[in-house]
Amino acid sequence: MALEKLLGFGKQLLRVKVVNCNSEESRLSRCLNTFDLVALGVGSTLGAGVYVLAGAVARENAGPAIVLSFLIAALASVLAGLCYAEFGARVPKTGSAYLYSYVTVGELWAFITGWNLILSYIIGTSSVARAWSATFDELIGRHIEHFCRQHMSMNAPGVLAEYPDMFAVLIIITLTGLLAFGVKESAMVNKVFTCINVLVLLFMVVSGLVKGTLKNWQIDPDQILHGNGTNDSSFNITESLPTVERLGLGGFMPFGFTGVLSGAATCFYAFVGFDCIATTGEEVKNPQRAIPIGIVSSLLICFVAYFGVSAALTLMMPYYLLDSNSPLPVAFKYVGWEGATYAVAVGSLCALSTSLLGSMFPLPRIIFAMAGDGLLFSFLARISERKAPITSTMAAGVMSAIMAFLFDLKDLVDLMSIGTLLAYTLVAACVLVLRYQPEQPSLSYEMANTQDEVEMSDGISVPSMGILPDMEERFSFKTLLFPDNSEPSALSGFTVNVCASALGVLILVFSVLAVQGGSAVWNVVALSVIFMVCLLLVFIVGRQPESKTKLSFKVPLLPFIPVISMFVNVYLMMQLDRGTWIRFAIWMAIGFVIYFCYGFHHSTEAALARSSLDTELNGFKPSHDHNGEAMSPEKEAFLHNGLEDREDDDGDF
């Protein structure tokens, strides 16, 4: 009895959401087009990091080979982007990775994903708002900082910021009002700032190609150490000659390929942000087409921009002279174009503005989707007359403003990485699982996935129609490697589920050992064994029949792309420090209290399961389906006939 209750509880934690993807109805206003999504993705991804990151990585990690670092990082990001694009075509609804997890791996994983995305976007919004405030304050002579330090200083080192950032709060409140007013107006503002930012970056790339020289990609360390580092008298470097460690080996790849890979791990985070496009499923026209195009196009544009800026920067100025904090102004000063620093300032503010909007835009939609599903408080799902998620937008603005007002977010920024990488990992795993699952064409089969209190596996029997999977299929090593069916079956789907779960565990163990185990012999042997087992599991998954469902976009090269994406994301997660994981555990503890005290009992999927149970007990003669829509005569007749068949079977006994 206790075991049955435990199994029932486990099933409820893993209940999946059934989404009617054929419905054009939307709770929000469908007013965005493909260009709006591309601008949103580019604006969110191509933030202020492009003005800072290239200099820091080129100086410390990769030298001129930073262009290769960005190429590797872009390829790794594209793996996740392709998985998001397929889900955007498959489930064009609001919710991004939260919803994708909900329809595939169940409610608990969906809540974990959504809860961490909320934290990621709150920290992202707050930190970018403080960066915007600091950049603007720098331009006007730091008057805001001096005033706040003098009149509102806070003495709580390690806990609170040195002073409350009033201007960052004002920025967030203004943006919250814009988002609450309407998504179309927000998209228009974003397009303006994104276009200005792209034009400024284009100017920088052209300037670098005009004023740069290939000699900076062919530097000889011996010449530098003997005092012949530069012939430019306008830039004095005699005060401190570079060390041998800072110069590396010289040439295009001064720190070797390991430096390129180290730089790629840092550059990977420069491509984070495109996932905000996936939250617009109910606000874009023709989402099945627009979302995949928006994600892939924005990643391509961002790669070209990062590649061009990093190439121009290292051509204009030797990598060992680059400034880690303000590389572009220093580089323009080095070539004698000091006036270009004003363009850099304008571009930085525009990039910060679009990055801020990119962090703030998806946050209310994640909260709105979770509240609509009953996992968060229901009042957060209210919408305005203009069909904007007004309550969740206000809640998001208040939380972000409080964070920006009180906290110095440097120690919390790594938490953004956990939330984002966890979402990327789950989306890749969900794509891997769903592509090998049997079709679900009828209501009865969809209900079999959502009813946890009622065992439906022996439910409606329609063997002659061939609609439900063939449950007579038996497991054997032959069917494992050479399946009899060309279409996915219940057995092949179950096989992929088991293999995907095992792959997730093995990738986690592999990443932990690779990061913490060092080069000990036992560790190398363990990594080799795990790698071979993973290859075997990938081979088994690849042998299973794929779904023939027509989608506007599908991830190519299955199962390799999702598995590689999972590995990259988990490996990067394991490189985060212990303090980040402790803060992550605290945030998750708060989330689990909310879920088990509220969300678990108010989940709409739980309510649907209970109503389905009541319907079954009352004779199973509904006039509406489980999505609240009127049921067609054909569907009602199908269900009625199925029940008659089952009653006849019971009578035979």
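Residues numbered from 1 in each chain as written. Predicted model: local features only at pLDDT ≥ 70, side-chain atom pairs only at ≥ 80, totals over all residues. Heavy atoms only, no water.

1. So, the overall build of the protein chain
Right, so step 1: From N to C terminus, the protein chain includes 26 helices and zero strands.
Right, so step 2: Per-residue burial for the protein chain yields a buried fraction of 53% across its 653 residues.
Right, so step 3: Put simply, 81% of the contacts in the protein chain that link residues at least 6 apart link residues at least 24 apart.
Right, so step 4: Total accessible area computed for the protein chain in this model is approximately 29,300 Å², and 64% of it derives from carbon and sulfur atoms. (Helix = DSSP H or I, 4+ residues; strand = E, 2+ residues; numbered from the N terminus. Buried < 20%, exposed > 50% of the residue type's maximum accessible area, 1.4 Å probe, protein only. Contact = heavy atoms within 4.5 Å. Areas by Shrake-Rupley, 256 points an atom, 1.4 Å probe, with all protein chains shown as cover.)

2. Brief notes about unusual backbone geometry
Right, so step 1: Cis geometry marks the peptide bond from Leu-558 to Pro-559, where omega comes out at 0°.
Right, so step 2: Structurally, Pro-559 is set in the loop between helix H22 (521–543) and helix H23 (560–574).
Right, so step 3: With a phi angle near 50°, Asn-286 is a residue other than glycine that sits in the positive phi range.
Right, so step 4: The partly exposed category is assigned to Asn-286, whose relative accessible area is 43%.
Right, so step 5: Not every positive phi belongs to a glycine, and Leu-557 is a case in point at roughly 55°.

3. Quick notes on the packing of helix H6 (residues 107–139) against helix H17 (residues 390–406)
Right, so step 1: Running from N to C, H6 and H17 point in directions that differ by 50°, and their axes come no closer than 8 Å. One way to sum up the angle between H6 and H17 is to call them oblique. When the axes of H6 and H17 are compared, the crossing they make is right-handed. Between H6 and H17, the residues in contact are Ile-122, Ile-123, Thr-125, Ser-126 and Arg-130 and Met-399, Ser-400, Met-403, Ala-404 and Phe-405, respectively. (Axes fitted to C-alpha atoms, helices over the stretch in contact; angles between N-to-C directions. Parallel < 35°, antiparallel > 145°, perpendicular 65-115°, else oblique. Left-handed = near helix turned anticlockwise from the far one by under 90°.)

4. Details of helix H13 (residues 287–316)
Every α-helical turn comprises 3.6 residues, leaving residues that sit three or four positions apart pointing alike.
Right, so step 1: Taking 1.5 Å per residue, 30 residues should reach 44 Å; H13 reaches 42 Å between its end C-alpha atoms and fits that length.
Right, so step 2: With 21 of 30 residues buried, H13 lies mostly within the body of the structure. (Expected span 1.5 Å × (residues − 1).)

5. Describing the side chain of Ser-96
Right, so step 1: Residue placement: Ser-96 occurs in helix H5 (residues 96–102).
Right, so step 2: Not counting residues up to four positions away in its chain, the partners in contact with Ser-96 are Tyr-84, Asp-275, Ala-278, Thr-279 and Ile-366.

6. Points about the nonpolar core
Right, so step 1: In terms of nonpolar packing, the biggest core is built from 169 residues, with Tyr-51, Phe-70, Tyr-84, Phe-87, Ile-118, Phe-271 and Leu-376 touching the most fellow members.
Right, so step 2: Beyond its immediate sequence surroundings of up to four residues, Phe-87 is in contact with Pro-92, Tyr-100, Val-103, Thr-104, Val-427, Cys-430, Val-431 and Leu-434. (Core = buried A, V, L, I, M, F, W, Y, C linked by side-chain atoms within 4.5 Å.)

7. As for the environment of Thr-495
Right, so step 1: For Thr-495, the location among the structural elements is in helix H21 (residues 490–516).
Right, so step 2: On the basis of relative accessibility, which here comes to 9%, the residue Thr-495 falls in the buried class.
Right, so step 3: In sequence terms Thr-495 and Gln-544 are 49 residues apart; their C-alpha atoms lie 8.3 Å from each other.
Right, so step 4: Setting aside anything within four residues of it in sequence, one finds Thr-495 in contact with Leu-480, Ile-540 and Gln-544.

8. Quick notes on the side chain of Ser-547
Right, so step 1: Note that Ser-547 resides in the loop between H22 and H23.
Right, so step 2: With a relative accessible area of 6%, Ser-547 lands in the buried category.
Right, so step 3: Contact partners of Ser-547, with chain neighbours within four places excluded, come to Arg-435, Gln-437, Glu-439, Pro-488 and Lys-554.

9. With respect to the confidence of the model for the protein chain
Right, so step 1: When pLDDT is averaged across the protein chain, the result is 81; 84% of the residues are at 70 or more.
Right, so step 2: Mean pLDDT values for the elements of the protein chain range from 35 in helix H19 (residues 443–450) up to 94 in H22.
Right, so step 3: Note that pLDDT drops below 50 for residues 229–239; the model gives that stretch 13 contacts with residues more than four away or on any other chain.
Right, so step 4: Note that residues 441–471 has pLDDT below 50 and, in this model, 55 contacts with residues that lie over four places away or in other chains. (pLDDT = per-residue confidence, 0-100.)

10. Considering the pattern of salt bridges
Right, so step 1: A full pass over the atoms with the stated rule returns 12 salt bridges.
Right, so step 2: Lys-184 is the salt-bridge partner of Asp-36, the closest N and O atoms lying 3.4 Å from each other. Remark: Lys-184 occurs in helix H9 (residues 183–211) and Asp-36 occurs in helix H2 (residues 34–45); sequence separation between them is 148 residues.
Right, so step 3: By relative accessible area, which is 33% here, Lys-184 ends up partly exposed.
Right, so step 4: A salt bridge links Arg-435 to Glu-546; the nearest nitrogen and oxygen atoms lie 3.0 Å apart. (Salt bridge = Lys/Arg side-chain N within 4 Å of Asp/Glu carboxyl O.)

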